[in-house]
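A structural walkthrough
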Amino acid sequence: MFDPFFTTREIGKGTGLGLSVCHNIVKQHGGDIELKSSKEKGTQVTVSFPGVADEN
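Along each chain, numbering runs from 1 in the same order as the chain's sequence is written. In keeping with the predicted nature of the model, local features appear solely for residues at pLDDT of at least 70, side-chain atom pairs appear and are counted solely at 80 or more, and the whole-chain, interface and lining totals rest on all residues. Only hydrogens and water are set aside; all other atoms, that is, all heavy atoms of the structure, feed into the side-chain values.

1. Some words on the pattern of salt bridges
For this document, the term salt bridge refers to a Lys or Arg side-chain nitrogen within 4 Å of an Asp or Glu carboxyl oxygen. Within this structure, the stated rule accounts for 2 salt bridges. Here Asp 32 ties to Lys 27 by a salt bridge, and the two come within 3.2 Å at their closest N and O atoms. The rule is simple: take the accessible area with a 1.4 Å probe, protein chains only, and divide by the maximum for that residue type; under 20% is buried, over 50% is exposed, in between is partly exposed. Owing to a relative accessible area of 41%, Lys 27 belongs among the partly exposed residues under this scheme. The shortest N-O distance in the salt bridge between Lys 36 and Glu 34 comes to 3.7 Å.

As structure tokens, this is what we get:
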């Protein structure tokens, strides 16, 4: 689902760039993005980033 141009829409009804762009931004900042889908419950998206130590 993170591949550029992946879409579940019919041809010509979307570019399929949204999750690919999000994935690249999160990865560039050292984070991780995870998807869990269930037909009955929908899709859960988890985005996490590494913590930053307080300099004080």
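2. Section: the pairing of strand S1 (residues 32–38)
As paired strands, S1 and strand S2 (residues 42–48) are joined by 7 bridges and run antiparallel to one another. Residue Ser 37 lies in a different strand from S2, and its bridge partner there is Thr 43. Pairing between strands is defined by DSSP: at least two bridges between the two strands are required. We count a stretch as a helix when DSSP gives it H or I for four or more residues in a row; a strand needs E for two or more, and each element gets its number in order from the N terminus. Following S1, the chain reverses through 3 residues before pairing antiparallel with S2.

3. So, a nonpolar patch on the surface
Each patch groups residues whose relative accessible area exceeds 30% and which form no salt bridge, using 9 Å between like charges and 5 Å between nonpolar side chains of Val, Leu, Ile, Met, Phe, Trp and Tyr. Here the accessible surface of atoms and residues is derived via Shrake-Rupley with a 1.4 Å probe, and residues count as covered only by protein chains that are part of the display. A contiguous nonpolar patch, built from Val 45, Val 47 and Phe 49 and spanning about 270 Å² of accessible area, is present on the exposed surface. Relative to the helices and strands, Val 45 resides in strand S2. Owing to a relative accessible area of 45%, Val 45 belongs among the partly exposed residues under this scheme.

4. What to know about the environment of Asp 32
Tracing the backbone shows Asp 32 in strand S1. Each C-alpha atom, one on Asp 32 and one on Ser 48, is 5.3 Å from the other, the two residues being 16 residues apart in sequence. Non-local contacts of Asp 32, meaning those with residues more than four positions away in its chain, are made with Val 26, Lys 27, Thr 46, Val 47 and Ser 48. Among the polar contacts made by the side chain of Asp 32, one reaches the side chain of Lys 27 at a distance of 3.2 Å. When checking whether two residues touch, look at their non-hydrogen atoms; a contact exists if any pair is within 4.5 Å. Distance and chemistry together define a polar contact, namely a pair of N or O atoms within 3.5 Å, with one atom able to donate a hydrogen and the other to accept it when in protein, and with adjacent residues in sequence counting only for side-chain atoms on both sides.

Any link to function would need more than the numbers given here.
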